[in-house]
Structure formats: C-alpha cells, structure tokens
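# Reading the structure
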Amino acid sequence: MYPASFHYHAPTTLEAALALLAELKDRARPLAGGHSLLPMMKLRLAQPEHVIDLRKLPDLAGIRATDAGLAIGAATTHWQVESSPLVAATLPLLAEVAGVIADPQVRNRGTIGGSLAHADPAADYPASLLALEAELVCASIKGRRVVKAGDWFQGLMTTALEPDELLVEIRVSRPPAGTGAAYVKFPHPATRFAIVGVAALVTRDGQGRCTRARLGITGVGPTAARLPGVEAALAGTALDRAAIEAAARRAAEGLDLQDDRQATATEKAALAGVFARRALAAAVARSGG
Ligand SMILES: Cc1cc2nc3c(=O)[nH]c(=O)nc-3n(C[C@H](O)[C@H](O)[C@H](O)COP(=O)(O)OP(=O)(O)OC[C@H]3O[C@@H](n4cnc5c(N)ncnc54)[C@H](O)[C@@H]3O)c2cc1C
C-alpha cells in the first residue's frame, strides 16, 4: 500500500530542522533510515502531514570518543556501530548488539536514533543502553536536554521525546575496569526482532567478587526494562554457576509480562530467566571469570 500523501522537507542544517519541528510539532515526523517509519506509513499506522528528512543534516551521524566513553550521533547506522574500531575498543557490547539487528540491508539504513525514538518493544539497543546507563541528548529550538536511558522508555512505543525535539546524540560511559559484558537474544525467525534479548554487565573485584551488575531486557514487555532482582542477587557473590542460576531465577520480578502472539506471559517469564542466565554466563566469562 502507498503511504498517504505528505509534504517532504530536507533541511540542511540542524537549526532549520528544529525550526520546522517547532512550527509543525506532531503534524511532522522526522525520517532517518526509514525502516520503521515507512512501513508504518505504508500500513497507514502513521499518517504525518510532513516528513522531515534528517539525512542531509551534517554531524548527526558519527561516533566520537569522549572523556567518559563514546558519543554516538543519532543518525549513525547500525552497521557503523557494528563496524567501528572505536566502539570495538571502548564499548564492544554495542557492536555486538548492532551486529545482531535484522539483516545487512536493515543495518545499513537503520539508525540508532531511529530505533530509540521508535522504541519498538522488541528492539535490541534498548536493553543494552539501559544496562549501560546511557544518556540521550535531545535538541529543540529552546536548547538541549539530557534524558537518562532509564527515563526514556515510558510505555509502548512512547518515549520522553517531545514533538518539537530531535534525538541528536547518545552518550555512553566506559564500564569500570574488571567488567565483562554480553548481549544474547532469541530472535524472531522472520524479522530477527528480539522475542527476548538480555544485555548483562558484571564487574568483579581483585578477589573475583561481583561489585556491580547491570542487566537490561527487551522483547517481553511493552518497554525494555532493567532486571533489579537479578542485579541485587549478584552483589557480593563469586559469580559462579550457582550464583548465576540463583540470580537468573529472579529475572521476571517486576516485569510487565502479558500474553501476545509471540508467547504467553508464563513462557516469557521462563525465557527471561534462561536468557538472563546465558547473558550472565557470557559476561562473566569475558570479565576474566
Ligand atoms: C525487516 C526488518 C527487521 C528488523 N529487525 C530488527 C531487529 O532485529 N532488531 C531491531 O532492533 N530492530 C529491527 N528493525 C528495526 C530497525 O532497526 C529500524 O532501523 C529502527 O527501528 C528505526 O530506525 P530508522 O533509522 O530506520 O528510523 P525511521 O524509520 O526513519 O524512524 C523511526 C521513528 O523514529 C523517529 N526518528 C528517527 N530519527 C529520529 C531522531 N533523530 N529524533 C527524533 N525522532 C526520530 C521517526 O520520526 C519515526 O517515528 C527491523 C526493521 C525491519 C524493516
């Protein structure tokens, strides 16, 4: 099906894009890679009067090192994240996540900012960015503000982004020394979206004890979420098999699990536990344990 007709804008400066958004607000939708917006428009699930193409904006794509870690431009494609030597050296977890999104065609067009603004409940980045405690930088003609990843996902495909704002950058800090990280997913066989995906980071002290654990999960609820029960259960443990299994049994605690056409709530609870265990085992192995 063809999308409903719309006015197309291709601003060449961020200021011009923000001025358009300030004027048009929710009558307009930004266009990044188009791999979520265009299918929605063709299905008439989205019918914006105006589409603001972000692809001619300078500096919206790219990855740079910061004192704390990395700053990733919102229009950076999944492939650029997957293949970046800077990401591989600084935050390899993000390269691992980007590399399991969909297929090469989607990864070459889809962007990290588009994924986070779209906030599909089965998208891959959200679990890892929650676990990494990333910060998302939004811009409007009024200025910039920083939103913590934990405050970003507010409901099913609903984020903290205001209608006159663009997501411009994602800031991620380097985890502490002694951290191992992994992302493990159970992909849908057709789309590769996550039926469940768990990102885990564990940090050990000199004696091998867990000083810090951060886990994020995607796919099983209306939004990605942290796994606070698992994180608490790991604190101070030796991160051995028994500790991992005991902690992973708490994966479903506090999650908003509902039956859908992918799985029942009971199945999702089981998947959460299994994939938390697998992600933790991989993260522990990479932490030198
Ligand atoms: C066949 C298929 C399989 C897929 N499989 C997966 C998968 O396995 N895992 C996964 O995570 N994703 C998957 N995706 C989704 C893919 O990652 C998309 O690229 C992503 O969700 C949207 O990014 P985009 O750049 O294409 O955004 P677009 O489609 O251009 O935009 C998506 C939404 O975000 C808004 N937006 C875009 N950029 C900004 C910005 N900078 N500021 C504010 N709003 C903005 C748009 O207005 C729109 O509402 C799949 C998509 C397809 C088509």
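Values in this document were obtained by computation on a predicted structure and should not be read as measured data.

## A word on the packing of aromatic side chains
In the structure shown here, the tally under the stated rule is 1 aromatic pair. Ring geometry for Phe186 against Phe275: centres 6.0 Å apart, planes inclined by 25°, an arrangement best described as stacked. Of this pair, Phe186 sits in strand E11 (residues 179-187) while Phe275 sits in helix H12 (residues 265-286), and the two are 89 residues apart along the sequence. Classification of Phe186 as partly exposed rests on a relative accessible area of 37%. The ring of Phe275 carries the charged tip of Arg278 above its face, separated from the ring centre by 4.8 Å.

## What to know about the site of the ligand
Around the ligand lies a shell of 30 residues, among which Pro30, Leu37, Thr111, Asp124 and Arg192 are the nearest. At 2.7 Å from an oxygen atom of the ligand is found a main-chain nitrogen or oxygen belonging to Arg192. Between the ligand and Phe193, the relevant distance is 3.1 Å, taken from an oxygen atom to a main-chain nitrogen or oxygen of the residue. In the complex, 91% of the free accessible area of the ligand, which totals 980 Å², lies under the protein chains. Secondary-structure elements contributing two or more residues to the shell around the ligand are strand E2 (28-31), helix H7 (112-118) and strand E10 (166-173).

## Some points on the sheet that holds strand E3 (residues 50-53)
Pairing within the open sheet is parallel, and its 3 strands lie in the order E1-E3-E2. At either end of the open sheet lies a strand with only one pairing partner, and these are strand E1 (7-9) and E2. The average undirected angle you get between the axes of adjacent strands in this sheet is 25°. Across 3 bridges, E1 lies against E3 in parallel orientation. Bridge pairing links His7 to His50 in E3. The strands touched by helix H1 (residues 14-24) are E1, E2 and E3; relative to E3, the strand with the most contacts, the crossing angle is about 160°.

## A closer look at unusual backbone geometry
Trans peptide bonds make up the majority, and among non-glycine residues the majority have a negative phi. In this model, Ala102 sits at a positive phi of 45°, which is unusual for a non-glycine residue. Within the chain, Leu239 stands out as a residue other than glycine whose phi angle is a positive 55°. Counting through the fold element by element, Leu239 comes out in the loop between helix H10 (228-234) and helix H11 (241-248). Using a relative accessible area of 4% as the deciding quantity, one classes Leu239 as buried.

## Looking at H1
Leu14, Ala17, Leu18, Leu20, Leu21, Ala22 and Leu24 are the residues of H1 that are buried. Where the residues of H1 are buried, they touch E1, E2, E3, strand E6 (135-140), strand E7 (143-148) and E10. One or two positions beyond H1, positive phi appears at Lys25, with a value near 45°.

## As for the domain arrangement of the chain
Taken domain by domain, the chain consists of domain 1 (7-53), domain 2 (63-173) and domain 3 (179-286). Inter-centroid distance (C-alpha atoms) of domain 1 to domain 2 is 19 Å. Counting residues at the interface gives 14 residues for domain 1, matched by 16 residues for domain 2. With both sides pooled, the region where domain 1 packs onto domain 2 buries about 1200 Å², and carbon together with sulfur makes up 79% of that total. Considering only the side of domain 1, the residues that lose the most area to domain 2 are Leu18, Leu21 and His35, jointly responsible for 41% of the buried surface there. At the surface where domain 1 touches domain 2, the tally comes to 0 salt bridges. At the junction of domain 1 with domain 2, the criterion picks out 0 residue pairs in polar contact (both at pLDDT 80 or more). Here the side of domain 1 that touches domain 2 takes 6 residues from H1, the largest share from any one element.

## Regarding the pairing of E6
Of all 6 residues that make up E6, 5 are buried, and the element is covered over most of its length. The pairing of E6 with E7 spans 6 bridges and is antiparallel. Considered in E7, the bridge of Val137 is made with Val146. Remark: 2 residues form the turn of the hairpin made by E6 and E7, two consecutive strands paired antiparallel. Taken together, the 5 bridges between E6 and E10 define a ladder with antiparallel strand orientation. Bridge pairing in E10 places Val137 opposite Glu169.

Criteria and thresholds
Residues numbered from 1 in each chain as written. Predicted model: local features only at pLDDT ≥ 70, side-chain atom pairs only at ≥ 80, totals over all residues. Heavy atoms only, no water. Phe/Tyr/Trp six-rings, centres within 6.5 Å; stacked < 30°, edge-to-face > 60°. Helix = DSSP H or I, 4+ residues; strand = E, 2+ residues; numbered from the N terminus. Buried < 20%, exposed > 50% of the residue type's maximum accessible area, 1.4 Å probe, protein only. Lys NZ or Arg CZ within 6 Å of the ring centre and 35° of its normal. Near = heavy atom within 4 Å. Polar contact = N/O pair within 3.5 Å; in protein donor to acceptor, adjacent residues only side chain to side chain. Areas by Shrake-Rupley, 256 points an atom, 1.4 Å probe, with all protein chains shown as cover. Pairing = 2+ DSSP bridges. Axes fitted to C-alpha atoms, helices over the stretch in contact; angles between N-to-C directions. Contact = heavy atoms within 4.5 Å. Domains from an automatic or database assignment. Buried area = accessible area lost by both parts, 1.4 Å probe. Salt bridge = Lys/Arg side-chain N within 4 Å of Asp/Glu carboxyl O.

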